[in-house]
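Architecture and fold: a report
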Number of protein chains: 2
Amino acid sequence: MKNNQFAFRPTKFSNQLDELRAIKFLDKDNESETNPIILWKSFLSKSFLEAKTSSSFEEKLKTYMATESQNLSEYLDTATKVTVTAFYNVALQLLKFNPDVDFSFSDPLKAMKKIQLIIADHNSNSFTINELKSAWYWLLATHNKNGQTYLDSLASKGYFTPFYGKVSQPLLFNGKTLPVFNPHKLIREVVYVESPQDSDHDGHRDLLKAEILRPYETENGLKVPTLYTASPYNQGTNDETGEKLTHDVNVPLKRKEPNDLHYEDIAYHENASKKIPAPRTINGQTKRAEETFARESSYTLNDYFLARGFAVVYMAGIGTKDSDGLRTTGDPEETTSTVSIIKWLTGQLPAFTNRTDNIEIKAWWSNQKIAMTGRSYLGTLATAAASTGISGLKTVISEAAISSWYDYYRDGGLVIAPGGFPGEDADVLAEETFSRRLQPGDFHNIKNKWNKQIQTIAKDQDRETGNYNRFWDARNYHKDFSNIRADVFMVHGLNDWNVKPRNVERLWNGIKDNGVTQKLILHQGQHIYINAFRSIDYNDIINLWLTNELLGVDNQAKEIIPNVIIQDNTKPETWNSYQDWASDKNETIKYNLSDDKLTTKTTETNTHDERSFKDQLSETDFKFYSRHNDVWEKDLLAGDKKISANQLIFKTAALTDELTIDGKVNLNLKVSSNKDLGMLSFQLVDYGVAKRLNVSPTLLSKNSLAQTYDWREDDLREFTYNKSTDCKMISKGHINLQNRHNSYKVDELKPDIFYNVGVELQPTFYRLLKGHQLGLIIYATDFGMTVRGNQDIKYTVSTDQSFMTVPIHQN
Amino acid sequence: MKNNQFAFRPTKFSNQLDELRAIKFLDKDNESETNPIILWKSFLSKSFLEAKTSSSFEEKLKTYMATESQNLSEYLDTATKVTVTAFYNVALQLLKFNPDVDFSFSDPLKAMKKIQLIIADHNSNSFTINELKSAWYWLLATHNKNGQTYLDSLASKGYFTPFYGKVSQPLLFNGKTLPVFNPHKLIREVVYVESPQDSDHDGHRDLLKAEILRPYETENGLKVPTLYTASPYNQGTNDETGEKLTHDVNVPLKRKEPNDLHYEDIAYHENASKKIPAPRTINGQTKRAEETFARESSYTLNDYFLARGFAVVYMAGIGTKDSDGLRTTGDPEETTSTVSIIKWLTGQLPAFTNRTDNIEIKAWWSNQKIAMTGRSYLGTLATAAASTGISGLKTVISEAAISSWYDYYRDGGLVIAPGGFPGEDADVLAEETFSRRLQPGDFHNIKNKWNKQIQTIAKDQDRETGNYNRFWDARNYHKDFSNIRADVFMVHGLNDWNVKPRNVERLWNGIKDNGVTQKLILHQGQHIYINAFRSIDYNDIINLWLTNELLGVDNQAKEIIPNVIIQDNTKPETWNSYQDWASDKNETIKYNLSDDKLTTKTTETNTHDERSFKDQLSETDFKFYSRHNDVWEKDLLAGDKKISANQLIFKTAALTDELTIDGKVNLNLKVSSNKDLGMLSFQLVDYGVAKRLNVSPTLLSKNSLAQTYDWREDDLREFTYNKSTDCKMISKGHINLQNRHNSYKVDELKPDIFYNVGVELQPTFYRLLKGHQLGLIIYATDFGMTVRGNQDIKYTVSTDQSFMTVPIHQN
């Protein structure tokens, strides 16, 4: 196994001593100790929390080996110095590494180097007293075999429970906050924030329910920062009624009437004359909430911070249970809803204790510094909030987030489903998250308005054309990227075909001139969280980041955390750091299409090669693939004979050197359809037998990652190798041949006429190993994403006039 | 959805009132109330725990509908009586059912009947004041849509936190204990029990570490019962070194030398002259432990009881981390180790605070009534403990437990792997669970003895012959079934091919004359726990059971809980109760084999039909199937042409009526091998297109089942339908043709001579639907379970002299 810790903070020795004192590893009894053996034993005795007497402690010492032949008890009794070898033999055992599997007592440093564990400075074979203190410091900061720092593992055994109730501010170690706040004394309260809009048109400003968890210490004056998660799902979902709205995708692609639209024609502008009801008249003030809750629908990353002196606020927003308003799937009203909580947390909007009495309750415990967290729709709303430039929002951690809803439900003038959810659309998601339905007494009054709203969304989203229009423009946060003032921490899966990587690429490249700090982690997973992986210290990284952003601690987080961390796709447990990703300054390779090849040679002039494929399948095959998208995906990649006439495959020669694609592959094709309509789909493929990482992480052990002592737990996971495979899809793209200029202007498509078509595939970062071949598959119906009409259409590519541009990463 | 609650306790009205008072739904303010509307509102106000003021409560009332047009607040303001319809409209909402999906406001009772929810008695359309009290009582006892009683759902919201610290004994409702003990104040302590043996021959009696969790109230004199889980896994496992020992199964079946062994020749007898070191000299007494722990490896069923006034004790046993001794995989030494904890809990053995000082600590808080819990190996040790007849062990809940290790690793003179684990054996499991290895300081001293022990097990388990021998006889608990004095609650999956159903059948039928109470639940799953399923109230059942067994409460548990509960294999969420299972009194149907048919007609005399198959596959197919057991399993059932020459398939005609198999199918065959060795495998199959339940449960929602407020959680699961399939394996069997008499006597096998062979297939309870066909597949190599030699052997069945006997369930 390999450890990757990016959140180590270089720390001066004097500061190490201060920190060891603060967490009580050094105290008046041992800090003047000059004998390293005695000091080491003292450190160990503070760590063996299970042993409550010296007899018991001595017994525990016997269970560790210090050398190949001496146990730790014997060593401490007989040795006169702490050798580096003995120290790290014991350290490895404390970190749960196993001498039968992971290391050898004769040379622990060899294993530590291989596992990438930090080895403290030493000038000889044994530690001086100061070197030992430093070695202990670094051991506390080092991850164990279960993906936790040794200090956090001690915390989960109760090391910090004696600190409960005795701290008046966060306690730091190596630049990160520690779990010194009792999670069972958290204050849980509900407030209703008054949002400056009336999205359900009932004549009153929308009240939005917020669930707050804050450390008990806030009652004694501690001001705390807030992790705010806006999650439309967290008050419940309507799975059944949502499912019912799901659209049939076994419908034909339709010809669209050409138009001459310009962006101004479809640009969304907020209705400036919109009337907002007056705010409620405040009837009084209180510091005490009237409503509580037992168990929020939580994000385990937030749970981790709850014991570390942060408040956490959850809000589901307009149209959800206990809130007013209607769901809109990401429009400006939802953004207004989202930022209302931040405005309350920073004193800019009122909240009330209930929905009737108009008694105001302020966020009097808030230090007015807020970060937003959460993945997918949650991360999307974080991005949306940031795009308003709202003050108080210091940073967003935007995980697998949508940055434009057109890039989620559409592409290139086509309806393109999020991977795994054919037939889903903005209306389906609105219905699924409309949790006001879950309270029939409330739903009774809003039912008619809601039915109308759903019909409006269904119409405006326009599945007929798949075009970009005013509806989608209202849900495009790119337009407001320039407003972003919060630092942005992005996380995305390079195999996320639900929220596709273009969403994060646009954000990454879209705020480079904003003057904010931006960080990016790209992993090899799908649409997942990465806060419980063994091979990367994600929690620590975010801790370092938020300690800086929200507590204002000068811990050099912005310098320490690499700008870009990318998980390698060819080796397990390998995360590399980079300066940038998908830069438009990257060099490119131009591959020409010829016959079934991708070649960098210039095509000879005067050859006019054409290759054709049809879209239609036999009725049997069509029905089978419709039901088994996974088999279709496999057969397409393998060029199975059932489907080989429905695709074109082009491959490079076997690569003579490794090749790393970094960014957006572009296609320039000359193509025709034999009908007056048509669409093309593309897959970029890595051909070559290799073991590859599973895109779904493997569960290593359930509930094994404790957020602190006797508190919530998370499942430890890791990306592991699958059996070896022949090939792997790298990226995808789609285009409607009637949207050759852009996604709102519809072009004429004449049968059998060749047109130039440019397509940008989803961005990636992908290492192709030597001997592999880069491939491109051109096809039409994408069973997982497009409509599936099984239409009798023939497509022809003029290969000699077609090429592919591949951006390359240079080391 | 359908609810199945077996743990409802019929309760007299006067007792209902007492219980409602005890849990404070009735109190001095409302118990004399005569207006049902006011009383209902009072009940509701005690239930809406999130609302801390009357304003907030009134708002919550508005979110429920009482009738099709009135919300609950309006209803309570205007109605003069509580109609049954209004009550259950609200009840269904409180139980999280959804009017858009699960019921209609116009007729809630219709849905309640369909979902199988209890409807309280009522003499008119509205509830009298007493009827209302009773209706509220039953509502509290009814499961909600998330698999929890309404009262438990209130508990998870904090209903019982005001009871913390104020109870001096368990609090009951409807015959079951309630979570009134603060789980965050549990005492966690470690003791070292002195076991009366020296299994590692170090000259000292084995000390065994036990981890104890007990309610804080025990410190104030409360005596509590104990749930004791003996889990060899729970101090950690050696996955890597265990894996290394895994045996190669791609080896040929070998001819065995015939013998004339009788049982006495291989019977295991305990060495009566075995010398045991003297007990340690006790140096003192204490009530305080010296060692604690932070997070035990827990079973969520135990977690549920920890808040309900039970202690929980975990022990891993001989050869595990922090204990003495060596692993043996289930022999009498392990049984002695297992029962030592019970002996300590009942004052029959001493325990010490640590391993050196000999200071005794008694289980002074124990009420000396113990139940054992846990699945698989854990349940096996519970069965083993029960088979000693030890006092204090009132009951065992034996889930998916082994009752004879021969039935786990062997069958019919063959090495037969537990499904999914080819190559595993007693030695592998011993190594995996030998967690003393995880403490290198301890392992260092025991290493040589351990290596010898593993070699001894490897030899004695005898993979060469697969015969039953002294090693397996020592690990056969059947021999001691007659000692069992504890009541036994068995749970097993009918699709458990890891611990196969024979293990539970032998126990079920083996203790019928013991005079103990025995209960059985058979589910449609594999090797799983069933304590977090939506459709059966397993936690409640066990609660009722243990409240009776361990607290001595006369709650009629033994009468209320059906003797046998079996999940239907043809319909989701259907659990039926029966008097017995696999009774040898069941009527049988005799099916003759003829051609490719199973027929109840007598075969005509003088026909001599023979059918043959070979075992050998092409090298390619053999290699493929060796790596892909799942594909082999599918191809075998489908009679795929790759494998059709390697099997015989016999099928009945389409059934004209439903047929339910209940028990052990027996085969009587006349067969020959063309070599002097041979083995046969059998599968009983249900042929017929149908939707069938997945044998792996579906996750409904993660962490949604709270054991109580702010405490541990479990994932809610349910068996759901798969896509429709053509057939399903019902049962399996295997035999070595040289073990025609029994599994220790080796018979001669002459090539091409026909022998009579009797085989008992694994017991089942299986409903075949009308129109389906019952099938039998005869083959040799079982890629998932037998050795795989790919040998050139031909087998011939004389079909006219072969038949199958199928036990039938009659309603």
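From a predicted model like this one, the values you see are computed outputs, not experimental measurements.

With that settled, consider the overall build of chain A. A count of helices and strands for chain A gives 22 helices and 32 strands. At 29 Å, chain A has a C-alpha radius of gyration in line with the 28 Å of a compact globule built from 811 residues. Along the three orthogonal principal directions, the C-alpha set of chain A runs to about 90 × 75 × 45 Å. Expressed as a percentage of its 811 residues, the buried residues of chain A come to 64%. Within chain A, contacts between residues at least 6 apart in sequence are counted, and of these 78% link residues at least 24 apart.

Going through the model one piece at a time under the given rule, you end up with 14 cavities of 30 Å³ or more. For the largest cavity, the lining is made up of 21 residues, of which Gly147, Gln148, Tyr304, Asn539 and Leu705 of chain B are closest to its centre. Residue contributions to the lining of the largest cavity peak at 3 residues, all from helix H19 (residues 538–551) of chain B. Looking at side-chain class alone, the lining of the largest cavity contains 9 nonpolar, 8 polar and 4 charged residues. If you trace the second largest cavity, you find 18 residues lining it, with Gly147, Asn531, Asn539, Asp540 and Leu705 of chain A closest to the centre.

All names here are of chain A. The volume enclosed by the second largest pocket comes to roughly 1,400 Å³. In terms of lining residues, the second largest pocket is bounded by 35 residues, among which Asp630, Glu633, Lys634, Leu637 and Cys727 are the most central. Those elements giving two or more residues to the lining of the second largest pocket turn out to be helix H22 (629–638), strand S24 (679–693) and strand S27 (721–736). The element contributing the most residues to the lining of the second largest pocket is S27, with 9 residues. Per-class residue counts for the lining of the second largest pocket are 10 nonpolar, 13 polar and 12 charged. The residue makeup of the lining of the second largest pocket includes at least three contributed by each of domain 2 (183–252 + 278–474) and domain 3 (588–690 + 724–807).

Our next topic: the UniProt feature "active site" (unreviewed entry) in chain A. Residue and element names in this part refer to chain A. Mapped onto the present numbering, the UniProt feature "active site" (unreviewed entry) falls at Ser376, Asp496 and His527. Taken along the chain, the residues just named run across 152 residues; in space they keep tight, none of their C-alpha pairs more than 10.5 Å apart. Considering only the annotated residues already named, the ones lining the second largest pocket are Asp496 and His527. In this structure, Ser376 sits in the loop between strand S10 (366–372) and helix H13 (377–386). A relative accessible area of 11% places Ser376 in the buried class. With residues near it in sequence (within four places) discarded, Ser376 still touches Glu399, Ala400, Ala401, Ile402, Val499 and His527. Secondary-structure assignment places Asp496 in the loop between strand S14 (487–493) and helix H18 (502–510).

The next point concerns the pattern of salt bridges. Residue and element names in this part refer to chain B. Using the criterion set out here, one finds 107 salt bridges over all chains in the structure. The partner of Glu464 in a salt bridge is Lys254, with the nearest N and O atoms 3.0 Å apart. Here the residue Glu464 occupies a position in the loop between helix H16 (440–460) and helix H17 (470–473), and Lys254 occupies one in the loop between helix H9 (239–245) and helix H10 (263–266), the gap between them amounting to 210 residues.

With an RMSD of 0.1 Å, chain A superimposes on chain B once it is rotated by 180° and translated 0.0 Å along the axis. Read as a symmetry element, the transformation amounts to a two-fold axis. Same-surface contact between copies: 100% of interface residues of chain A are shared with the interface of chain B.

So, on to the packing of aromatic side chains. Geometrically, a pair of aromatic rings is defined through the distance of the ring centres and the angle of the planes. Evaluation of the coordinates by the stated rule reveals 92 aromatic pairs over all chains. Centroid distance Phe25 of chain A to Tyr159 of chain A: 5.0 Å. Interplanar angle 5°. Geometry classified as stacked. Here the residue Phe25 of chain A occupies a position in the loop between helix H1 (13–22) and helix H2 (36–47), and Tyr159 of chain A occupies one in the loop between helix H8 (150–156) and strand S1 (172–173), the gap between them amounting to 134 residues. Summarising the burial analysis for this pair, Phe25 of chain A and Tyr159 of chain A share the class buried. Here the aromatic rings of Phe434 of chain B and Trp450 of chain B are separated by 3.8 Å at their centres, their planes lie at 5°, and the arrangement is stacked. With Phe434 of chain B in the loop between helix H15 (426–433) and H16 and Trp450 of chain B in helix H16, the pair connects residues that are 16 residues apart, well separated along the chain. In this pair, the class of Phe434 of chain B matches that of Trp450 of chain B, namely buried.

On the secondary structure map, Gly347 of chain A appears in the loop between helix H12 (332–345) and strand S8 (351–352). A relative accessible area of 62% means that Gly347 of chain A is categorised as exposed.

Turning our attention to the domain arrangement of chain A. Residue and element names in this part refer to chain A. In terms of domains, chain A is made up of domain 1 (13–176), domain 2 (183–252 + 278–474) and domain 3 (588–690 + 724–807). Placing a centre on the C-alpha atoms of domain 1 and another on those of domain 2 gives a separation of 45 Å. Contacts between the two partners involve 7 residues from domain 1 and, on the opposite side, 5 residues from domain 2. Summed over both partners, the interface of domain 1 with domain 2 comes to about 410 Å²; 51% of that surface belongs to carbon and sulfur atoms. For the pair domain 1 and domain 2, the interface holds 1 salt bridge. In this structure, Asp152 engages Arg308 in a salt bridge whose closest nitrogen and oxygen atoms are separated by 3.0 Å. Summed over the shared surface of domain 1 and domain 2, the result is 1 residue pair in polar contact (both at pLDDT 80 or more).

Here we come to the packing of helix H5 (residues 84–94) of chain B against helix H6 (residues 108–115) of chain B. Each pair of packed helices can be described by the angle between their axes along with the distance between the axes. All names here are of chain B. Interhelical geometry of H5 versus H6 gives an angle of 50° and a closest axis separation of 9 Å. With respect to H6, the element H5 is oriented oblique. Crossing angle aside, the handedness with which H5 passes H6 is left-handed. Touching Val84, Thr85, Tyr88, Asn89 and Leu92 of H5 are Pro108, Leu109 and Met112, all from H6. Of the residues contributing to the contact of H5 with H6, the split by class is 6 nonpolar, 2 polar and no charged.

Rules used in this analysis
Residues numbered from 1 in each chain as written. Chains lettered and ligands numbered in written order. Predicted model: local features only at pLDDT ≥ 70, side-chain atom pairs only at ≥ 80, totals over all residues. Heavy atoms only, no water. Helix = DSSP H or I, 4+ residues; strand = E, 2+ residues; numbered from the N terminus. Rg over C-alpha atoms; globule rule 2.2 N^0.38 Å. Buried < 20%, exposed > 50% of the residue type's maximum accessible area, 1.4 Å probe, protein only. Contact = heavy atoms within 4.5 Å. 1 Å grid on protein atoms, 1.4 Å probe; cavity = no way out; pocket = protein on both sides within 12 Å on 5 of 7 lines; lining within 4 Å. Points joined across faces, edges and corners; volume = space filled by probe spheres on them. Nonpolar A, V, L, I, M, F, W, Y, C, P; charged D, E, K, R; others polar. Domains from an automatic or database assignment. UniProt positions renumbered as here; feature names shortened; annotations may be inferred. Salt bridge = Lys/Arg side-chain N within 4 Å of Asp/Glu carboxyl O. Least-squares fit on C-alpha atoms with pLDDT ≥ 70 in both. Phe/Tyr/Trp six-rings, centres within 6.5 Å; stacked < 30°, edge-to-face > 60°. Buried area = accessible area lost by both parts, 1.4 Å probe. Polar contact = N/O pair within 3.5 Å; in protein donor to acceptor, adjacent residues only side chain to side chain. Axes fitted to C-alpha atoms, helices over the stretch in contact; angles between N-to-C directions. Parallel < 35°, antiparallel > 145°, perpendicular 65-115°, else oblique. Left-handed = near helix turned anticlockwise from the far one by under 90°.

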